[in-house]
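# Examination of the molecular architecture
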Amino acid sequence: MSQDFILETRNLVKAFKGFTAVDDVNLKIERGAIHALIGPNGAGKTTVFNLLTKYLTPTDGSLLYNGRDITAMKPAAIARAGIVRSFQISAVFPHLSVLENVRVALQSREGNSFHFWKPVKVLDRLNDRAMELLADVGLADFASARTLDLPYGRKRALEIATTLALEPELMLLDEPTQGMGHEDVEVVADLIKRVSAGRTILMVEHNLQVVSRLADRITVLQRGAVLTEGDYATVSADPRVREAYLGVAADEPAAPQSRPASVEALAPEARA
Amino acid sequence: MNDKKLYLALFILALAAPAVLYPVFLMKVLCFALFACAFNLLLGFAGLLSFGHAAFLGTGGYVTGYLMINAGLTPELGILAGTLAAGLLGAVYGKLAVRREGIYFAMVTLALAQLAFFFYLQAPFTGGEDGLQGVPRGELFGFIDLSNNLAMYYFVLAIFVFGFWLIRRTVHSPFGQVLKAIRENEPRAISLGYNVNDYKWLAFVISSALAGLAGSTKTLVFQLASLNDVHWHLSGEVVLMTLVGGMGTLLGPLVGAGAIVTIQNYLSGGELGNYIHIILGAIFVVCVLAFRSGIVGQFQKMLKQNF
Ligand SMILES: Nc1ncnc2c1ncn2[C@@H]1O[C@H](COP(=O)(O)OP(=O)(O)O)[C@@H](O)[C@H]1O
Ligand SMILES: [Mg+2]
């Protein structure tokens, strides 16, 4: 295995008023991989994302991106450096059109975002690229729709298109399939697989079928600390992981193919 | 475009208006309308509630008044100087305010505006309680005598049209698009690489400069700059005008300013004069509770439902 890590965390800690949500986490994300971060509800996955993108300031520890220390950078600067995140709660601009959602992302790489004296028409030259991105995620027919009116699954797809518009080196996806019906889950999983070409993806995902299909490597988080790490076979065979997920030491078979119906039920959030 | 036809119709009306309405009243409406439009750029299009906008209106007024009296500037230069001064103050105040959100933003702007109020109260060149009186209107470009109310009116109309055009352009610009994104979903805008505070700051500066433009113009019209122009009452009134007319609509503040100035003029002459603040307060409450989208917003909704 090559040792080219795009992102590393060193002894990352986040404490909220005495409660340690992230406890001494050392992550190494290999370049070009799809890396899944899993763990029960409240394990600290979203908090890790917030730390990586500096939406929260670490209590302790450091972040290295391409070998460079980014611990002191601001969120917007981190985004421009190539780490772009999505959110657990669908993050779109509801009253912009679908096309405008993507365009406003493309615009952040243009130099004209402070130009208040220019007509909005100057952004039209971004339309072709925006349409390409929409086509990539199967939203070409919805370009002129108001984003508010899109069904949930399509909003998530739009979010991915918007994230892709920044051509991130590292994409952080927080539960991209959460709350989706079976078909949408398939579509989004395919989409993630497709857009992973040429970039690195770190994703939080509860749907273990998706994880088993996509992830090259999995880190399991529990109560803020790393429980174990490895590929799907290793991680799913670990009795501690099954215990963390089910609350009891289960003796179900680990291979996902053998229990298609129960996969959804494994997700703690779906049971809650 | 339908919008353009409406603007053209309004413009023609404004050109003809002095034939039926008193020019000084019309100028007062236009000055407050510009003030409210500037305020609305911040509230309606950037989602920032400033409770200290009188500081910028007043700064424009005092600077223009002082320079017209003491430096003998032509009116266009006097107004330019007042506008720049307000924009500069906005740049400083904005820097301090945009780091805060929601109610804290409003509180910071209010506190800073009170600071400005006490400065103008104490400073030796503002005339204290009397204000700057007898500000000459001067001759526009050195040859158009503005002491003629009709000439002054068309000058004020030109300034308003410019200010309105700039706001409309800003809203429909690449910058305006980012502002909209920030207002809709700030964390997402950050994750797309936007330093949102810088955008809010620029909106703040444009808004305060235009509020200053309104104040400078108003000082020329009434030949007076006074503490009323920097008082928090006025900061509140502009909120009222904007909400009554419809925040986040381009024409709302114009309609709101027209309505409030008309009511004030009507009441202050009659026996209800003492109750002005109570009546305005009641209008405010009714608007906030019943017509949250304001007159123009309500009108747009009706149009949408019927067509
Ligand atoms: N801003 C915050 N303030 C206080 N506690 C928080 C904050 N954000 C998250 N937490 C707590 O940290 C823990 C981890 O939360 P989170 O990272 O959202 O978990 P996950 O995404 O794995 O479900 C939870 O107990 C949560 O209540
Ligand atoms: Mg989470």
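Within each chain, residues carry numbers counting from 1 in the order of the written sequence. Note on labels: chains are lettered from A, ligands numbered from 1, in written order. Selection of residues for local features in this predicted model requires a pLDDT of at least 70, selection of side-chain atom pairs for listing and counting requires 80 or more, and totals for whole chains, interfaces and linings are taken over all residues. Side-chain metrics in this entry use all non-hydrogen atoms of the structure; hydrogen atoms and water are not considered.

As recorded in an unreviewed UniProt entry, chain B goes by the name Branched-chain amino acid ABC transporter permease, listed as coming from Marinobacterium nitratireducens.

Chain A is annotated in an unreviewed UniProt entry as ABC transporter ATP-binding protein from Marinobacterium nitratireducens.

A few words now on a nonpolar patch on the surface. All names here are of chain B. Only residues above 30% relative accessible area that lack a salt bridge enter a patch, with like-charged residues linked at up to 9 Å and the nonpolar side chains Val, Leu, Ile, Met, Phe, Trp and Tyr linked at up to 5 Å. Areas reported here follow the Shrake-Rupley algorithm with a probe of radius 1.4 Å; residue values treat only the protein chains shown as occluding. By definition, a salt bridge exists where a carboxyl oxygen of Asp or Glu is found within 4 Å of a side-chain nitrogen of Lys or Arg. The grouping of L8, F11, I12, L15, L150, Y154 and V161 at the surface amounts to a nonpolar patch, some 590 Å² of accessible area in total. Helix and strand definitions here come from DSSP, where helices need a minimum of 4 consecutive H or I residues and strands a minimum of 2 consecutive E residues; each element is numbered from the N-terminal end. Among the secondary structure elements, those contributing two or more residues to the nonpolar patch are α1 (2-16) and α6 (149-171). The element contributing the most residues to the nonpolar patch is α1, with 4 residues. Among the secondary structure elements, Y154 is positioned in helix α6. A simple rule labels every residue: compare its accessible area, found with a 1.4 Å probe on the protein chains alone, to the largest value its type can have, and call it buried under 20%, exposed over 50%, or partly exposed in between. A residue is classified by how much of its surface remains accessible, and Y154, at 35% relative accessible area, is partly exposed.

Residues and elements named next belong to chain A. By convention in this text, a residue qualifies as near a molecule or strand provided that one of its non-hydrogen atoms is within 4 Å of it. Close to ligand 1 lie F16, F19, A21, P40, N41, G42, A43, G44, K45, T46 and T47. Within the side chain of N41, a nitrogen or oxygen atom sits 3.2 Å from an oxygen atom of ligand 1. At 2.8 Å from an oxygen atom of ligand 1 is found a main-chain nitrogen or oxygen belonging to G42. Within the complex, 61% of the 560 Å² of free accessible area of ligand 1 lies under protein. For the shell around ligand 1, the secondary-structure elements that each account for two or more residues are β2 (19-25) and α1 (45-52). Counting residues per element, the shell around ligand 1 draws most heavily on α1, which supplies 3 residues. The classification used treats Ala, Val, Leu, Ile, Met, Phe, Trp, Tyr, Cys and Pro as nonpolar, Asp, Glu, Lys and Arg as charged, and all other residues, Gly among them, as polar. Taken together, the residues of the shell around ligand 1 sort by class into 5 nonpolar, 5 polar and 1 charged. In protein, a polar contact requires one atom able to donate a hydrogen and another able to accept it; more generally it is a pair of N or O atoms within 3.5 Å, and residues adjacent in sequence count only if both atoms are side-chain atoms.

With that settled, the discussion passes to the coordination of the magnesium ion (ligand 2). All names here are of chain A. In this structure, T46 (OG1) and Q88 (OE1) serve as the protein donors to the magnesium ion (ligand 2), at separations of 2.0 to 2.3 Å. One end of the pair, T46, is in helix α1; the other, Q88, is in the loop between β7 (83-85) and α3 (98-107), with 42 residues separating them in the sequence. Since its relative accessible area comes to 21%, Q88 is described here as partly exposed. Donor atoms (N, O, S) are those found within 2.8 Å of the metal centre, with the cutoff raised to 3.2 Å for Na, K and Ca; water is not part of the atom list, so apparent gaps in a site can occur.

Residue and element names in this part refer to chain A. It is the contact of helix α5 (residues 152-165) with helix α6 (residues 182-195), at a shortest axis distance of 10 Å, that shows an interaxial angle of 10°. Classed by the angle they form, the pair α5 and α6 counts as roughly parallel. Where α5 approaches α6, its residues G153, I160 and L164 are matched on the opposing element by D184, V188, L191, I192 and V195. The class makeup of the residues in the contact of α5 with α6 is 6 nonpolar, 1 polar and 1 charged. The axes are straight lines fitted to the C-alpha atoms, using for helices just the contacting stretch, and the angles between their N-to-C directions are given from 0 to 180°. Oblique is the label for any angle not under 35 degrees, not over 145, and not in the 65 to 115 range, which are roughly parallel, roughly antiparallel and roughly perpendicular in turn. Contact criterion: two residues are considered in contact whenever any of their non-hydrogen atoms come within 4.5 Å of each other.

UniProt positions are given in the numbering used here, feature names are shortened, and annotations may be inferred rather than shown by experiment. Under the UniProt annotation, the feature "transmembrane region" (unreviewed entry) is placed at residues 6-25, 32-57, 77-96, 103-121, 150-167, 238-263 and 275-295 of chain B. Between the C-alpha atoms that bound residues 275-295 of chain B the distance is 23 Å, and the span itself is 81% helix and 0% strand.

Turning to the packing of aromatic side chains, a few remarks are in order. Aromatic rings considered in pairs are described by the distance between their centres and by the relative angle of their planes. For this analysis, a ring pair means two rings from Phe, Tyr or Trp (six-membered ring only for Trp) whose centres lie within 6.5 Å, classed as stacked if their planes differ by under 30 degrees, edge-to-face if by over 60, and tilted for the remaining angles. Applying the stated rule across the entire model yields 18 aromatic pairs over all chains. Both rings, one in A:F114 and one in B:Y199, keep their centres 4.1 Å apart while their planes meet at 10°; by these two values the pair is stacked. Of this pair, A:F114 sits in the loop between α3 and α4 (127-136) while B:Y199 is found in helix α9 (residues 196-222), placing the two residues in two different chains. With a centroid separation of 5.2 Å and 85° between ring planes, the pair formed by A:F116 and A:W117 is classed as edge-to-face.

Our focus in this paragraph is unusual backbone geometry. All names here are of chain A. Positive phi values are uncommon outside glycine, yet N66 reaches one of about 50°. Within the secondary structure, N66 is located in the loop between β5 (60-65) and β6 (68-69). Non-glycine residue R223 carries a positive phi angle of around 45°. Within the secondary structure layout, R223 lies in the loop between β10 (217-222) and β11 (225-230). Take R223: its relative accessible area is 67%, and that puts it in the exposed class.

All names here are of chain A. Note: two strands are recorded as paired if DSSP finds a minimum of 2 bridges between them. Bridging between strand β1 (residues 5-16) and β2 involves 4 bridges; their strand directions are antiparallel. Opposite A15, over in β2, you have T20 as the bridge partner. The hairpin formed by β1 and β2 contains 2 residues between the paired strands, and K17 there has a positive phi angle of roughly 40°.

Now for the sheet that holds strand β8 (residues 170-174) of chain A. Residues and elements named next belong to chain A. Spatial strand order, β7-β8-β9-β4-β10-β11: 6 strands in an open sheet with mixed pairing. Since the sheet does not close on itself, it has two edges, and those belong to β7 and β11, each with one partner. The sheet shows a mean angle of 20° between the axes of neighbouring strands, direction not considered. Where α5 meets the sheet, it contacts β7 and β8, and its direction lies at approximately 160° from that of β8.

Let's shift gears to the packing of helix α10 (residues 232-245) of chain B against helix α11 (residues 252-269) of chain B. All names here are of chain B. Relative orientation of the contacting elements α10 and α11 amounts to 115°, with a least axis distance of 7 Å. Considering the relative orientation of α10 and α11, their crossing is right-handed. On α11, the residues that touch E237, L240, M241, V244 and G245 of α10 are G252, G256, A257, I260, V261 and Q264. Broken down by class, the residue content of the contact of α10 with α11 amounts to 6 nonpolar, 4 polar and 1 charged. Each helix crossing is assigned a hand: it is left-handed if the near helix lies turned anticlockwise from the far helix by less than a right angle, otherwise right-handed if that turn is clockwise.

Only buried Ala, Val, Leu, Ile, Met, Phe, Trp, Tyr and Cys residues count toward a nonpolar core, and they belong to the same one when joined by side-chain atoms within 4.5 Å. Counting residues in each nonpolar core, the largest one holds 152 residues, and the members touching the most others are A:V102, A:M203 and A:I218. The element that contributes the greatest number of residues to this core is helix α2 (residues 23-46) of chain B, accounting for 20 residues. In contact with A:M203, not counting residues within four places along its chain, are A:I34, A:H35, A:A36, A:L37, A:F49, A:L173, A:P176, A:I192, A:V210 and A:L214. The next biggest cluster of nonpolar side chains, apart from the first, holds 24 residues, and it includes A:A43, A:V48, A:F49 and A:M73.

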